[in-house]
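# Structural overview
Here is what each chain is made of, one letter per residue.
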Amino acid sequence: MKTTAADALRSRLKADSDADCATLETTTDKTLAIGQDVWRLWWRRQLTTAVASDASLHTTCGALLDALALLEFTLRRLRVIPAPPSTSRP
């Protein structure tokens, strides 16, 4: 993400009263394999991702999948949904 695109995205998020900028994460999350071009935050009380206007289609689609993975990760951590069964094979 170019600096100017990142600055524009940050400005848009700060101007959005529904965005909780205190939860904004812009670093790479190696545990969930989310790159620094995909930002994570709470928006309208929902976990979501944001990408800058210069994001490629690949990055944009990846951000959608990242949002789903973050939601599942959070729900599992809160024990709202159970962990998947073990896949041990005989």
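Values in this document were obtained by computation on a predicted structure and should not be read as measured data. Every residue gets a number counted from 1 within its own chain, in the order that chain's sequence is written. Reporting in this predicted model follows two pLDDT cut-offs: at least 70 for local features of residues, and 80 or more for side-chain atom pairs to be given and counted; totals over whole chains, interfaces and linings ignore these cut-offs and use all residues. Computation of side-chain values covers all heavy atoms of the structure but excludes hydrogens and water.

### As for the overall build of the protein chain
Helix numbers and strand numbers start at the N terminus; a helix is a DSSP run of H or I with at least 4 residues, a strand a run of E with at least 2. Assigned secondary structure in the protein chain consists of two helices and three strands. Going from N to C terminus, the protein chain has its helices and strands arranged as α-β-β-β-α. Here the C-alpha coordinates of the protein chain stretch approximately 55 × 25 × 20 Å along the principal axes. The 90 residues of the protein chain split such that 23% are buried. Taking all contacts inside the protein chain whose residues are at least 6 apart in sequence as the whole, residues at least 24 apart take part in 34%. For the protein chain, the exposed surface amounts to about 6700 Å²; the carbon and sulfur share of it is 56%. Note that His is not counted, nor are the chain ends; the positive residues are Lys and Arg, and the negative ones are Asp and Glu. Taken as the charge location is NZ of Lys, CZ of Arg, CG of Asp or CD of Glu. In the protein chain, which carries 12 positive and 10 negative side-chain charges, the distance between the mean positions of the two groups comes to 5 Å. Burial classification: accessible surface area is computed with a 1.4 Å probe over protein chains only, and a residue below 20% of its type maximum counts as buried, one above 50% as exposed, and the rest as partly exposed. Whether two residues are in contact is decided by their heavy atoms, any of which lying within 4.5 Å being enough. Here the Shrake-Rupley method, with its probe set to 1.4 Å, supplies the accessible areas, and only the displayed protein chains count as covering residues.

### Remarks on helix H2 (residues 57–77)
Counting along an α-helix, one turn takes 3.6 residues, and residues three or four places apart therefore face a common direction. With 21 residues, H2 ought to run about 30 Å at 1.5 Å a step, and its terminal C-alpha atoms sit 30 Å apart, in line with that. If you check which residues of H2 are buried, you get Thr59, Ala63, Asp66, Ala67 and Leu70. For H2, the angular spread of buried residues about the axis comes to 110°, placing them on one side. Exposed residues lying more than 90 degrees from the buried face of H2 are Leu57, His58, Leu64, Leu65 and Leu68. Where H2 is buried, its residues touch strand E2 (39–43) and strand E3 (46–50). Here the expected length of a helix is defined as 1.5 Å per residue gap, with one fewer gap than residues. Throughout, the arc means that of the directions going from the helix axis to the C-beta atoms.

### Observations concerning the layout of surface pockets
As defined here, a cavity is a set of points on a 1 Å grid over the protein atoms alone where a 1.4 Å probe fits but cannot get out. A pocket is an open set with protein on both sides within 12 Å along at least five of seven lines, and residues line them when an atom is within 4 Å of a point. Grid points are joined across faces, edges and corners, and a volume is the space filled by probe spheres set on the points. In this model, the largest pocket occupies a volume close to 210 Å³. Taken together, the elements giving at least two residues each to the lining of the largest pocket come down to strand E1 (19–25), E2 and H2. The biggest single contributor to the lining of the largest pocket is H2, with four residues. Ten residues, namely Ala, Val, Leu, Ile, Met, Phe, Trp, Tyr, Cys and Pro, are considered nonpolar, four, namely Asp, Glu, Lys and Arg, are considered charged, and the remaining ones, Gly among them, are considered polar. Residues that form the lining of the largest pocket fall into these classes: six nonpolar, three polar and four charged.

### What about the confidence of the model for the protein chain?
For the protein chain, the mean per-residue pLDDT works out to 84, and 94% of the residues sit at or above 70. What pLDDT reports is the predictor's confidence in each residue, on a scale of 0 through 100. Per-element confidence in the protein chain ranges from a low mean pLDDT of 86 for H2 to a high of 92 for E1.

### Focus on the side chain of Thr49
Topologically, Thr49 is positioned in strand E3. Exposure remark for Thr49: the relative accessible area of 17% places this residue in the buried category. Here a polar contact means two N or O atoms within 3.5 Å. Within protein one must be a hydrogen donor candidate and the other an acceptor candidate, and residues neighboring in sequence count only if both atoms are side-chain atoms. A polar contact of 2.8 Å, which involves the side chain of Thr49, links it to the backbone oxygen of Ala63. In this structure, Thr49 is in contact with Val38, Trp39, Arg40, Ala63, Leu64, Asp66, Ala67 and Leu70, ignoring residues within four places of it in sequence.

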